[in-house]
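# Tertiary structure, described
Read off the chains here:
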Amino acid sequence: MTDADIKRINELYHKSKSEGLTPEEKQEQVKLREAYIESVRANMRSQLNNIDVKRPDGSIVSLKEQAAQNLAKKKKHAN
């Protein structure tokens, strides 16, 4: 997602409020918004994967590893 893409999202938003969008512009707006949301999600995943957690026993584990371990425990107990 570039600055130009974000600028275009804002332009389309303001145009939609003032005069409305053409069908082509509506499609463009949907695609740009989806790309923006995916960009935010990817950024959030990247940040979360770089966080370390200190456990009560003093050991340090990455948040990504801890989430995988918790998921494995849940699957194990579900069976």
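Quick note: structure is the one above.
Notes on the structure in this doc start here.

Our focus in this paragraph is the side chain of Gln29. Assignment of secondary structure puts Gln29 in helix α2 (residues 23-49). By relative accessible area, Gln29 is classed as buried at 11%. Look past the residues within four positions of Gln29 in its chain and what remains in contact with it is Leu12, Tyr13, Ser16 and Leu21.

The next point concerns a nonpolar patch on the surface. A contiguous nonpolar surface patch, about 400 Å² in accessible area, is contributed by Met1, Ile6, Tyr36, Ile37 and Val40. If you trace the backbone, Tyr36 turns up in helix α2.

A separate point is the pattern of salt bridges. In the structure shown here, the tally under the stated rule is four salt bridges. Arg8 serves as the salt-bridge partner of Glu11, at 3.4 Å between the closest nitrogen and oxygen. One end of the pair is Glu11 and the other is Arg8, both in helix α1 (residues 3-18) and three residues apart, which spans about a single turn. Judged by its relative accessible area of 37%, Glu11 is partly exposed. The closest approach of N and O atoms between Glu25 and Lys15, which form a salt bridge, is 2.7 Å. Of this pair, Glu25 sits in helix α2 while Lys15 sits in helix α1, placing them ten residues apart in sequence. Of the residues examined, Glu25 reaches a relative accessible area of 13% and is grouped as buried. By relative accessible area, which is 24% here, Lys15 ends up partly exposed. One connected set of salt bridges, linked through shared partners, spans Arg8, Glu11 and Glu28.

Reading the values: rules and limits
Residues numbered from 1 in each chain as written. Predicted model: local features only at pLDDT ≥ 70, side-chain atom pairs only at ≥ 80, totals over all residues. Heavy atoms only, no water. Helix = DSSP H or I, 4+ residues; strand = E, 2+ residues; numbered from the N terminus. Buried < 20%, exposed > 50% of the residue type's maximum accessible area, 1.4 Å probe, protein only. Contact = heavy atoms within 4.5 Å. Patch = residues over 30% accessible without salt bridge, like charges linked within 9 Å, V, L, I, M, F, W, Y side chains within 5 Å. Areas by Shrake-Rupley, 256 points an atom, 1.4 Å probe, with all protein chains shown as cover. Salt bridge = Lys/Arg side-chain N within 4 Å of Asp/Glu carboxyl O.

What is shown is where atoms sit, not what they do.
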